[in-house]
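Coordinates in review
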Amino acid sequence: MTHTLTVLVENTPGVLARVAGLFSRRGFNIDSLAVGRSEDPGVSRMTIVVEGDDQILEQVTKQLHKLVDVIKITDVSRDDFVDRELVMIKVKTETSTRAEIMQLVDIFRARIVDVGPKTLTIEVTGYESKINAFEKSLRPFGIMEMVRTGKVAMLRGFKSTTIDESQKKEDVY
Amino acid sequence: MEITVAEALVRCLEQENVELVFGYPGGAILPVYDALCNSVIKHVLVRHEQGAAHAADGYARMTGRVGVCLATSGPGATNLVTGIANAYMDSVPMVLITGQVSASQIGTDAFQEVDITGITIPVTKHNYLVKDPNQLPQIIRKAFHIASTGRPGPVLIDLPKDVAQAKIKFTYPKNIHLPGYRPTYKGHRAMVSQAGKIIMESNRPVIYAGGGVRIADAAPELRELAETISAPVTNTLMGLGCFPGEHPLFLGMLGLHGTRYANLAVTECDCLIAVGARFDDRVVARIDGFAPGAKIIHIDIDPAEISKNMRADLPIVGDVKRVLEALLPLLKKKKNTEWMARVQAWKKEYPLNYRIDGTLKPQLIIEKIYELTGGDVVVVTDVGQHQMWAAQYYKYKEPRSFITSGGLGTMGFGLPAAIGAQMGAPGQKIILITGDGSIQMTLQELGTAMEQKLPLKIFVMNNRQLGMVRQLQEFYCDKRYIAVNFQYDLDFAALGRVYGMAGYTIETPEQLAEMLPEILAANRPVMVNCLINGEENVLPMVLAGANIGEAID
Ligand SMILES: Cc1ncc(C[n+]2csc(CCOP(=O)(O)OP(=O)(O)O)c2C)c(N)n1
């Protein structure tokens, strides 16, 4: 089973090392990890795709929660959600193949972002299976280089993965 | 008025009511030591930073307060690492402050630079690198809070030298904001009442209690639980002391070197109440053979421990004391007459024992120490066979009367931990049971103990070997002994005298009977070289691959 987790973390320097280290240390597999700023300047939002059964997922979630910098974890894949990934592919071209490649770009609603004498660099976003299909159809032409951002995900509708009100308060001791 | 960050740090420690710190100075931590000159906080100079970490650990286990350590950058910081890992595994609250090269030099492989926050991520509850001088008071406040609440653990703060020298306006924050850190203290009500039902319906309950009981100060509640429902109690190594050793319901320690009757009771029970324990592999052995017919109720403050090693039928996340307080009113007195009879029969049939053959047996030494002290001392141990015998043959009365390295099993823990414990409880009689292997790992701390005038009683169970490993080689390597015998015979009594301690050598049971009263009554430090029989094995023993019910003895 694949799960897509949205993890809100405090925006501290070591936080990525803490999260990534936790996965390798505990023997959990990460399929993909994407991280960036969130709507709150002090908080980053990570999207982590993990492979594993419910028991593994339970441990992943609990261990992540033990990290002091981790504020909130949502398994968006338990709900209605959208996910996207951005990919850039540099493909070899010859005069004979250029037209065919551009046709594929059209079909997949991809975009050409750089044109070289013997290459085309193409950007495509979408869900995983679309990207995989696009990659597959370009393979015969010769893919020189590919780069993927990793998945980002969001719940559909009014639901969100933002911080709970109760977590915004200061603690008084 | 502005003060330096180093001065602010010392003020923060004072605000946290720190009375003493264990440490070792160096260049990068110089400003902090300088600021310490004007403080009421006592500094204990150790002989090696590992000693500082273990001493702070022993202090924390003894007092329940946060142990504090200071060390310099680079080698000072890396020398702490074993001590940090040790505290992390046993959930000991500590704050460790390391000097770091100046912020401007970080990342340049500067002299004595090491990425200690990176190195200690896996072995700290949390750590900080202080970059902004104004953040320091906040960070110290958070560090103490994180170290001492929830499931306790070590927190490290790395302080670059130039940051320590910067000036700030000091106020100690009252409030802190840690949105990602909210321990659960109160057990879920429905779960607690469900647990009450399972317990009342059980006929063969067993309580399996760990170090969490000591940490939560829940020994009285544990006792009330056991007596109310007539459940025998077995302890993990970390839990020893949280249930009275002489209590008729007590089964001693369980697990690989547990008593036969504790292991049998767990194997046969129909309801296992795990309280502040974590189903460690040294306890459980084969997972499918551990309490196979039991409903498992697991009470722990750390949600990640629940169903990590063994699936719990009923998890309750919360502070052990508060959960037990909520649970007790739901229970009625019950007797389990048949079960009690079975358990008592096991106790009679399979007592702990060893062969008496006129040689000096380590088990006998522990028994005699117990006889003479009646359980009114604190026993600190190192790691190895002697540790297991101290766990088996001494009967602990009080929750903080047994201090040992459990999760990490760190040889060399004993002496510095005993120092820390004694510094935390000056009036307390502290007995260190160590091995000739273990004590040589941190032997240098004898200097610290003497300097601090600590009347430690050190019993070296001297078998001229690494007994526990020899035992493993006997069982698992067909007695192909390698690297376990010390060829050089060290006279520990003479060694003690070199340091100014009283030194004794005991070779026979008769000498033991004769000298022990004097040794224990002495109010000066004593080193006892106990020349024990080197053939002895720790028994019972659950062999690799067996269930805990199948121990050999
Ligand atoms: C730092 C460290 N290194 C190695 C070990 C592995 N080990 C476990 S017990 C033991 C032997 C301990 O010897 P000693 O202290 O003499 O105690 P004994 O078993 O003889 O009572 C060893 C080497 C360990 N636990 N800790």
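If you're wondering where the values come from, they're calculated on a predicted model, not measured in any experiment.

How each quantity is defined
Residues numbered from 1 in each chain as written. Chains lettered and ligands numbered in written order. Predicted model: local features only at pLDDT ≥ 70, side-chain atom pairs only at ≥ 80, totals over all residues. Heavy atoms only, no water. Helix = DSSP H or I, 4+ residues; strand = E, 2+ residues; numbered from the N terminus. Rg over C-alpha atoms; globule rule 2.2 N^0.38 Å. Buried < 20%, exposed > 50% of the residue type's maximum accessible area, 1.4 Å probe, protein only. Areas by Shrake-Rupley, 256 points an atom, 1.4 Å probe, with all protein chains shown as cover. Lys, Arg positive; Asp, Glu negative; His and termini not counted. Charge placed at Lys NZ, Arg CZ, Asp CG, Glu CD. Pairing = 2+ DSSP bridges. Axes fitted to C-alpha atoms, helices over the stretch in contact; angles between N-to-C directions. Contact = heavy atoms within 4.5 Å. Polar contact = N/O pair within 3.5 Å; in protein donor to acceptor, adjacent residues only side chain to side chain. Salt bridge = Lys/Arg side-chain N within 4 Å of Asp/Glu carboxyl O. Core = buried A, V, L, I, M, F, W, Y, C linked by side-chain atoms within 4.5 Å. Domains from an automatic or database assignment. Nonpolar A, V, L, I, M, F, W, Y, C, P; charged D, E, K, R; others polar. Buried area = accessible area lost by both parts, 1.4 Å probe. Patch = residues over 30% accessible without salt bridge, like charges linked within 9 Å, V, L, I, M, F, W, Y side chains within 5 Å. Near = heavy atom within 4 Å. Disulfide = S-S within 2.5 Å. Phe/Tyr/Trp six-rings, centres within 6.5 Å; stacked < 30°, edge-to-face > 60°.

Topic: the overall build of chain B
The helix and strand inventory of chain B stands at 21 helices and 21 strands. Over its C-alpha atoms chain B spans a radius of gyration of 24 Å, differing by no more than 12% from the 24 Å that the globule rule assigns to 553 residues. For the C-alpha atoms alone, the extent of chain B along its principal axes is close to 75 × 60 × 40 Å. Expressed as a percentage of the 553 residues in chain B, the buried residues total 62%. Per element, the accessible surface of chain B, about 20900 Å² overall, is 52% carbon and sulfur. Charge-centre separation for chain B: the mean point of 52 positive side chains lies 6 Å from the mean point of 55 negative side chains.

Focus on the sheet that holds strand β15 (residues 314-317) of chain B
Residue and element names in this part refer to chain B. Strand order in this open sheet of six strands is β12-β11-β10-β13-β14-β15, and the pairing throughout is parallel. Each edge of the sheet is formed by a strand with only one pairing partner; in this case those strands are β12 (250-253) and β15. When the angles between neighbouring strand axes are averaged without regard to direction, this sheet yields 15°. Two strands pair when backbone bridges link them, and strand β14 (residues 295-300) and β15 are joined in this way by four bridges, in the parallel orientation. Counterpart to isoleucine 297 in the pairing with β15 is leucine 314. Contacting β10 (205-209), β11 (233-235) and β13 (271-275), helix α10 (residues 219-229) crosses the sheet at an angle of about 170° to β10.

Some remarks on the side chain of Ser202(B)
All names here are of chain B. As for its position among the elements, serine 202 is in the loop between α8 (189-201) and β10. With a relative accessible area of 4%, serine 202 lands in the buried category. In terms of polar contacts, serine 202 uses its side chain to reach the backbone carbonyl oxygen of isoleucine 199, at 2.7 Å. Beyond its immediate chain neighbours, meaning those up to four positions away, serine 202 contacts Asp270, Cys271, Lys334 and Asn336.

With respect to the pattern of salt bridges
This model, assessed by the stated rule, comprises 35 salt bridges over all chains. The salt bridge involving Glu85(A) is made with Arg148(A); its shortest N-O contact spans 3.2 Å. Of this pair, Glu85(A) sits in strand β5 (residues 81-92) while Arg148(A) sits in strand β8 (residues 143-148); the two residues are 63 residues apart in sequence, bridging distant segments of the chain. Among the ionic pairs, Asp302(B) bridges to Arg151(B), the shortest N-O distance being 2.9 Å. Placement of Asp302(B) in the loop between β14 and β15 and of Arg151(B) in the loop between α6 (136-148) and β7 (154-160) is noted, with a sequence separation of 151 residues between them. With a relative accessible area of 3%, Asp302(B) lands in the buried category. For Arg151(B), a relative accessible area of 21% puts it in the partly exposed group.

Topic: the nonpolar core
Residue and element names in this part refer to chain B. Ranked by internal contacts, the top residues of the largest apolar core, which has 71 residues, are Ile207, Leu222, Ile297 and Phe459. When residues of this core are assigned to domains, at least three fall in each of domain 2 (189-349) and domain 3 (362-531). In contact with isoleucine 207, not counting residues within four places along its chain, are Leu222, Leu225, Ala226, Ala231, Pro232, Val233, Thr234, Ile273 and Val275. Counting residues in each nonpolar core, the second largest holds 50 residues, with Cys69, Val114, Ile403 and Leu443 among its members.

Description of the domain arrangement of chain B
Residue and element names in this part refer to chain B. Taken domain by domain, chain B holds domain 1 (2-169), domain 2 (189-349) and domain 3 (362-531). Relative placement of domain 2 and domain 3: their C-alpha centres are 30 Å apart. Here domain 2 is connected to domain 3 by zero salt bridges. Counting the contacts that link domain 2 with domain 3 gives four residue pairs in polar contact (both at pLDDT 80 or more). Here the side of domain 2 that touches domain 3 is built from residues that sort into nine nonpolar, three polar and three charged.

Focus: the interface of chain B and chain A
Each side of the interface is counted separately: chain B has 26 residues, and chain A has 25 residues. Taking both sides of the interface into account, the surface hidden between chain B and chain A amounts to around 2300 Å²; carbon and sulfur atoms contribute 46%. One can count two salt bridges joining chain B with chain A. The residue Lys66(A) makes a salt bridge to Asp302(B) at a minimum N-O spacing of 2.6 Å. Counting across the chain B and chain A interface gives six residue pairs in polar contact (both at pLDDT 80 or more). When contributions to the side of chain B that touches chain A are tallied by element, the ones reaching two or more residues are β6 (126-129), α6 and β9 (175-176) of chain B.

Comments concerning a nonpolar patch on the surface
Residue and element names in this part refer to chain A. On the surface, Leu86, Met88, Val113 and Val147 cluster together into a nonpolar patch covering about 280 Å² of accessible area. Relative to the elements of secondary structure, valine 113 occurs in strand β6 (residues 111-115). The exposure class assigned to valine 113 is partly exposed, which follows from its relative accessible area of 37%.

A short note on the sheet that holds strand β19 (residues 457-462) of chain B
Residues and elements named next belong to chain B. Spatially, β17-β16-β18-β19-β21-β20 is the arrangement adopted by the six strands of the open sheet, whose pairing is parallel. Taken across any chain shown, the strands that pair with only one partner, and hence form the sheet edges, are β17 (402-403) and β20 (502-506). Of the pairings in the sheet, the one linking β20 to strand β21 (residues 526-531) comprises five bridges and is parallel in character. From the neighbouring strand, alanine 502 faces β21, where its bridge partner is valine 526. Sitting on the sheet, helix α15 (residues 362-373) is in contact with β18 (430-435), β19 and β21, with an inclination near 160° to β19.

Brief notes about the site of the ligand
Residues and elements named next belong to chain B. Neighbouring the ligand are 17 residues, the closest being Gln385, Gly409, Gly437, Ser438 and Gly467. The separation between an oxygen atom of the ligand and a polar side-chain atom of asparagine 463 is 2.9 Å. Between the ligand and glutamine 465, the relevant distance is 3.2 Å, taken from an oxygen atom to a main-chain nitrogen or oxygen of the residue. Protein coverage of the free-state accessible area of the ligand, which is 590 Å², stands at 77%. It is helix α19 (residues 467-476) that provides the largest number of residues to the shell around the ligand, a total of three residues. For the shell around the ligand, the class distribution of residues is six nonpolar, 10 polar and one charged.

Digging into the state of the cysteines
Across all of its chains, the model carries zero disulfides over all chains by this definition. With no disulfide partner, Cys269(B) has as its closest neighbouring cysteine sulfur the one in Cys271(B), 7.1 Å distant.

A closer look at the packing of aromatic side chains
The description of an aromatic ring pair uses the distance of the two centres, along with the angle that the planes make with each other. Residues and elements named next belong to chain A. Counted according to the given criterion, the structure contains 13 aromatic pairs over all chains. Seen from their ring centres, phenylalanine 108 and phenylalanine 134 are 4.9 Å apart, and the 55° between their planes marks the pair as tilted. Remark: phenylalanine 134 occurs in helix α4 (residues 128-138) and phenylalanine 108 occurs in the loop between α3 (95-107) and β6; sequence separation between them is 26 residues. Each member of the pair, phenylalanine 108 as well as phenylalanine 134, carries the same accessibility label: buried.

Some details on the pairing of β21(B)
The side chains of a regular strand alternate, residue by residue, between the two faces of the sheet. Residue and element names in this part refer to chain B. Here β21 lies mainly inside the structure; five of its six residues are buried. Relative to β21, β19 runs parallel, the two being bridged by six bridges. If you follow methionine 461 over to β21, its bridge partner there is cysteine 530.

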